[in-house]
Amino acid sequence: FIFFSRFTRNHHQMSLIPLPESLVPFLEPYLPTPKIQHQKRPFVTLTYAQSLDSRIAAKKGTQTKISHLETKTMTHYLRSKHDAIMVAIGTVQADDPKLNCRYREDGNDHSPRPVILDPHGKWNYSESQLRAICDNKQGKAPYIIIEENVKPKQEDIEILQEQNGLFIYLPLSTDHSANWDLILQKLHDLGVESIMIEGGAMVINELLDFHRTQHDLIDSLIITVGPIFLGSQGVEVSPRKQVNLEDVKWWTGVSDSIICAKVTK
């Protein structure tokens, strides 16, 4: 009863404000396009919100407000344009996110498939908000990426089966660059043609680093910059070396700015 009440209360509190009309043409060049067949991976949008000092949270493991409500709506608009949305276990444990889509356009009620990077099986899915969302038909059950030798809880396995979700068992390596090729190819094989990756910081930094040094992983980069400094204790997005951008455009709203770009090789 307590769990259901929490879901009901949060669901009613989280309605969206209208999407600014100028955002639609601004975002259009950076939205998913069909991938060439031999690429064997989805279209990847890397997107997140950060402070002026490049932090995505005030400290590790805490949920931090950065974005204005209009850019929150933009996030759900982006979700409506992708097949899947990916976050890592640290983000899930800190935020207990819903990972569905509340943006509606011309009767379209599309919701992306949540993809959770949880190599060591830390997530207690049965007690999450996302489980309640799926029980109430408000979103899709997740694909949970887990190391092939890790055994998840039987309860979570059964719940996912009932909800049409999936544990994806992969031979994950300590060489994370090899993991990204493996993960994206597996998602492509499962019919995921586009995915937006939202974090956390380790995932963001890895993708930026690997795109620059070895791979062509990121198709679009969309960053919301909020008018706040979070300080030196914050969780920082900062790849190890310089990363260059091209096709850069900026949009400014009530308080936030958004940068859209392509990442050069």
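Computed from a prediction, not measured in an experiment: that's the story for all the values here. (Residues numbered from 1 in each chain as written. Predicted model: local features only at pLDDT ≥ 70, side-chain atom pairs only at ≥ 80, totals over all residues. Heavy atoms only, no water.)

Asker: Provide a residue-level description of the sheet that holds strand E7 (residues 194–199), including the pertinent values.
Answerer: Read from one edge to the other, the open sheet built from 9 strands follows the order E6-E5-E4-E3-E7-E1-E8-E11-E10, with strand pairing classed as mixed. Pairing within the sheet leaves two strands with one partner each, and these edge strands are strand E6 (166–170) and strand E10 (245–252). With direction set aside, neighbouring strand axes in the sheet form an average angle of 20°. Sheet analysis places strand E5 (residues 143–147) next to E6, joined by 5 bridges and oriented parallel. (Pairing = 2+ DSSP bridges. Helix = DSSP H or I, 4+ residues; strand = E, 2+ residues; numbered from the N terminus. Axes fitted to C-alpha atoms, helices over the stretch in contact; angles between N-to-C directions.)

Asker: With reference to specific residues and values, describe helix H7 (residues 176–189).
Answerer: With 14 residues, H7 should reach 20 Å at 1.5 Å per residue; the first-to-last C-alpha distance of 20 Å fits that figure. Taken together, the buried positions of H7 are Ser-177, Asn-179, Trp-180, Ile-183, Leu-184 and Leu-187. For H7, the angular spread of buried residues about the axis comes to 150°, placing them on one side. The positive-phi residue at the C-terminal boundary of H7 is Gly-191, with phi of around 95°. (Expected span 1.5 Å × (residues − 1). Buried < 20%, exposed > 50% of the residue type's maximum accessible area, 1.4 Å probe, protein only. Arc of directions from axis to C-beta.)

Asker: Tell me about the confidence of the model for the protein, and please be specific about residues and values.
Answerer: When pLDDT is averaged along the protein, the result is 90, and 92% of the positions lie at 70 or above. For the stretch residues 1–13, pLDDT sits under 50, and the model shows 17 contacts to residues farther than four places along the chain or on other chains. (pLDDT = per-residue confidence, 0-100. Contact = heavy atoms within 4.5 Å.)

Asker: Quick one: what's the story with the packing of aromatic side chains, residue by residue and with numbers?
Answerer: The final tally for this structure, using the stated rule, is 3 aromatic pairs. Ring centres 5.1 Å apart and planes at 65° place the aromatic pair Trp-123 and Tyr-125 in the edge-to-face group. With a relative accessible area of 0%, Tyr-125 lands in the buried category. (Phe/Tyr/Trp six-rings, centres within 6.5 Å; stacked < 30°, edge-to-face > 60°.)

Asker: Pulling in residues and values, what's your account of the state of the cysteines?
Answerer: Working definition of a disulfide: a covalent bond connecting the sulfur atoms of two cysteines. Under the defined criterion, the tally for this structure stands at 0 disulfides. Left without a disulfide partner, Cys-101 is nearest to the cysteine sulfur of Cys-134, which lies 14 Å away. The closest cysteine sulfur to the non-disulfide-bonded Cys-260 is located on Cys-101, 17 Å from its own sulfur. (Disulfide = S-S within 2.5 Å.)

Asker: Go over the pattern of salt bridges, please, and point to the residues and values.
Answerer: Counting across every chain of the model gives 6 salt bridges. Across the pair Arg-41 and Asp-219 runs a salt bridge, and its minimum N-O distance is 2.8 Å. Of this pair, Arg-41 sits in the loop between helix H2 (23–27) and strand E1 (43–50) while Asp-219 sits in the loop between helix H8 (201–213) and strand E8 (220–225), and the two are 178 residues apart along the sequence. Looking at Arg-41, the relative accessible area reads 6%, which means it is buried. (Salt bridge = Lys/Arg side-chain N within 4 Å of Asp/Glu carboxyl O.)

Asker: Any details on unusual backbone geometry? Residues and values, ideally.
Answerer: Looking along the chain, the bond that leaves Gly-199 and enters Gly-200 is cis, with omega of 5°. In this structure, Gly-200 sits in the loop between E7 and H8. Although it is not a glycine, Leu-99 adopts a positive phi angle of roughly 55°. Mapped onto the elements, Leu-99 comes out in the loop between helix H4 (89–95) and strand E4 (113–117). If you check the backbone angles, Asn-164 has positive phi at about 70° while not being a glycine. Structurally, Asn-164 can be placed in the loop between helix H6 (154–163) and E6. Residue Asn-164 is classed as exposed on the basis of its relative accessible area, which comes to 56%.

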